[in-house]
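# Examination of the molecular architecture
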Amino acid sequence: MNILVLGSGAREHVITWKLAQNKSAQLYNFGPTSNPGIAELVKEVELGDVTDVAAVVDWAKQKKIDVVWVGPEAPLAVGIVDALEGMGVSCIGPTQKLAELESSKSFTRNLVEKYNINASPIFRTFTSDIEIEDFIKSLDGNVVIKPDGLTGGKGVKVMGDHFQTADEALQYCKDLFAAGDMKVLVEEKLIGQEFSLMSFTDGKHIVHMPVVQDHKRAYVNDEGPNTGGMGSYTDADHSLPFLNNNDVKQAEQINEAVLEALEQEFEQAYIGILYGGFIAVHDGVRLIEYNVRFGDPEVMNLLSLLETDLIRITDAMVNGTLNTLKVEFSRRASVCKYLVPDGYPVDPIKDQPIDVSVVDTNKVNLFFGSVDQKDGELIEKGSRTVAVVGIADTLREAEQKVETEIKKITGPLFHREDIGTNELIQKRIESMNELRHEQ
Ligand code: AMP
Ligand code: GLY
């Protein structure tokens, strides 16, 4: 089997690494940069824009690719899967229509509402600023404002974080319409702890992975600007220390119900990763958003723990036989931390050499993100650079493994030392306990 992994980041590095554990497949990579971690695992790397549908299709045909694993969301949103499937190439990733689950927030909220899935906060979609003011006031100004399209989370503004008054919220909505946004969502702001639940699916059958918590803020104690995610952890029981069993079940049921709703509504099989972004609140779980691909960094925890052959899972997803496969994840804890350039994410230092050679890769997994090679040296390219993953029986041990090894990496980089520590996790548990008891 010939498999093409689309994308050049750490997410695609870990997908390729996991696929490469089964030597029966021939692996290829297409993406904007040559990731040194991916390059040593594949037969060939082709440089190109992952949203250039014609270029991807051409190269896939040339290399007689059987299956394409689509890493990032952007090619899914422009219909890469429709084009590849049209040429007889199977894909891990949904069609353009179903990818709207991520590329349009109103698509998702409307679907969930239509199929009576009890998961959303109070929300309304607006196509002009008429009546927005009244709606914001009806929620006491306690709102989140979201432009409808793919914004990488960056266009989302939250009361208390990005604005402080109902008037400022209203002004932001007006600014979005003035800038050309056609639809704006106004949602009730939810208070709680966010977590991710990703599921493999072949469109009919669904296999849930362990729940993961990402850390979006750049600095320790969840301070500083939002990032793509600075690190993540999973626990040995496949739950998270601040969740109860019902929370995990509820999130699983929401993923299952959404998959069914997609099938009923569009009569297309959703093949790939269904990624629910949830928030545990005082009385259960609510849906924040869906993504239609693996989370980064969460994927590095999950695939490091995955015990089942990813090629067999790939095969089962494209053939609709996921129900016949036992998919297993190791019952151990995992911690993943990203090293990022000084100044990230606002004004990152770029093109500086880094050295990872002293890391003991028998003790941790190492995945490359935004890096390049120049004259035999590894160079950071200004975004999330290297991820280090530790696996152990307890979170504490996994976290310490990561810290021991990540500190050996040299270059103008920093990471969040608090991710996965007892202290931070205890804070999450206490804040959830307070929320549950306040009610
Ligand atoms: P999104 O792009 O929808 O994931 O939103 C980006 C971030 O905004 C999320 O990860 C949350 O931290 C926050 N957010 C989005 N919607 C809500 C909500 N209804 N209540 C509280 N926070 C939210
Ligand atoms: N970890 C957040 C994301 O992949 O969207």
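Refer to the structure above for everything that follows.
Residues numbered from 1 in each chain as written. Chains lettered and ligands numbered in written order. Predicted model: local features only at pLDDT ≥ 70, side-chain atom pairs only at ≥ 80, totals over all residues. Heavy atoms only, no water.

## Notes on the pairing of strand 23 (residues 386–392)
Note the following rule: Note on exposure labels: buried denotes an accessible area under 20% of the residue type's maximum, exposed denotes more than 50%, and partly exposed covers the range between, all computed with a 1.4 Å probe on protein chains only. Numbering of helices and strands runs from the N terminus, with a helix taken as a DSSP run of H or I at least four residues long and a strand as a DSSP run of E at least two residues long. When DSSP finds at least two bridges between two strands, those strands are taken to pair.
Counting buried positions along strand 23 yields seven of seven residues, so the element is predominantly enclosed. Judged by which residues are buried, strand 23 turns out to be covered on both faces: Val-386, Val-388, Gly-390 and Ala-392 on one side and Ala-387, Val-389 and Ile-391 on the other are all buried. Looking at chain direction, strand 18 (residues 333–341) and strand 23 are connected through seven bridges and run antiparallel. When the bridges of strand 23 are listed, Tyr-338 appears paired with Ala-387. Pairing of strand 20 (residues 365–368) with strand 23 involves four bridges; the strand directions are antiparallel. Residue pairing for strand 23: Phe-368 is matched across the bridge by Val-386.

## As for the environment of Phe-177
We count it as follows: Any two residues having at least one pair of non-hydrogen atoms within 4.5 Å are treated as being in contact.
For Phe-177, the position within the fold is in helix 9 (residues 166–178). On a C-alpha basis, the gap between Phe-177 and Thr-127 in space is 8.2 Å, while along the polypeptide they are 50 residues apart. What Phe-177 contacts, discounting residues up to four positions off in sequence, is Phe-126, Thr-127, Ser-128, Asp-129, Ile-132, Met-182, Lys-183 and Val-184.

## Topic: the environment of Leu-424
Here Leu-424 lies in helix 14 (residues 422–438). The class for Leu-424 is buried, based on a relative accessible area of 4%. Separated by 202 residues in sequence, Leu-424 and Asp-222 have C-alpha atoms that sit 9.4 Å apart. Setting aside residues up to four positions removed in sequence, Leu-424 forms contacts with His-215, Asp-222, Arg-416, Asp-418 and Ile-419.

## Details of the nonpolar core
Using the following cut-off: Each nonpolar core is a collection of buried residues, namely Ala, Val, Leu, Ile, Met, Phe, Trp, Tyr and Cys, held together in the definition by side-chain atoms within 4.5 Å.
Ranked by internal contacts, the top residues of the largest apolar core, which has 72 residues, are Val-68, Leu-101, Phe-195, Val-258, Phe-278 and Ile-409. Tallying contributions element by element places helix 10 (residues 245–266) first for this core, with seven residues. Once residues lying within four places of it in the same chain are set aside, the contact partners of Val-258 are Leu-101, Leu-111, Val-112, Ile-117 and Tyr-290. Grouped together as the second largest cluster of nonpolar side chains are 48 residues, Val-5, Ala-20, Met-209 and Leu-306 included.

## As for the site of ligand 1
In plain terms, the rule: Consider each residue's heavy atoms; a residue with any of them within 4 Å of a molecule or strand counts as near. Any N or O atom pair separated by 3.5 Å or less is treated as a polar contact, with the protein-specific requirement of one donor-capable and one acceptor-capable atom, and with residues adjacent in sequence counted only for side-chain atom pairs. Surface exposure here means Shrake-Rupley accessible area, sampled with a 1.4 Å probe, where a residue is shielded only by the protein chains that are shown. Under the scheme applied, nonpolar residues are Ala, Val, Leu, Ile, Met, Phe, Trp, Tyr, Cys and Pro; charged residues are Asp, Glu, Lys and Arg; polar residues are all the others, including Gly.
Lining the immediate surroundings of ligand 1 are 14 residues, of which Lys-105, Lys-146, Leu-190, Glu-194 and Glu-289 lie closest. Between Glu-194 and ligand 1, the recorded distance is 2.5 Å, taken from a side-chain N or O atom to an oxygen atom. Considering ligand 1 on its own, with 470 Å² of exposed area, one finds that the protein chains cover 90% of that surface. Partitioning the shell around ligand 1 into residue classes produces five nonpolar, one polar and eight charged.

## Some remarks on the layout of surface pockets
The line we're drawing: Cavity means a closed set of points on a 1 Å grid over the protein atoms alone, one where a 1.4 Å probe fits but cannot get out, pocket means an open set with protein on both sides within 12 Å along at least 5 of 7 lines, and lining means a residue has an atom within 4 Å of a point. Grid points are joined across faces, edges and corners, and a volume is the space filled by probe spheres set on the points.
Space inside the second largest pocket adds up to approximately 380 Å³. Those elements giving two or more residues to the lining of the second largest pocket turn out to be helix 1 (10–19) and helix 4 (73–77). Take the lining of the second largest pocket: its biggest share by element is three residues, from helix 1. Taken together, the residues of the lining of the second largest pocket break down into seven nonpolar, seven polar and six charged.

## So, the packing of aromatic side chains
Going by this rule: Ring pairs shown here join Phe, Tyr and Trp side chains whose ring centres sit within 6.5 Å, with only the six-membered ring taken for Trp; geometry is labelled stacked below 30 degrees between planes, edge-to-face above 60, and tilted in between. In our convention, an over-ring charge means Lys NZ or Arg CZ found within 6 Å of a ring centre and within 35 degrees of that ring's normal.
Enumeration according to the criterion identifies 10 aromatic pairs in this entry. Pairing Tyr-219 with Phe-414 gives two aromatic rings, centres 6.2 Å apart and planes at 45°, and the pair type is tilted. Of the two residues, Tyr-219 is situated in strand 13 (residues 217–219) and Phe-414 in strand 24 (residues 413–414); the sequence distance between them amounts to 195 residues. Joined through ring pairs, the aromatic side chains of Tyr-28, Phe-30 and Trp-59 make up one cluster. Across the ring face of Tyr-172, the terminal group of Lys-157 is positioned such that the distance to the ring centre comes to 4.4 Å.

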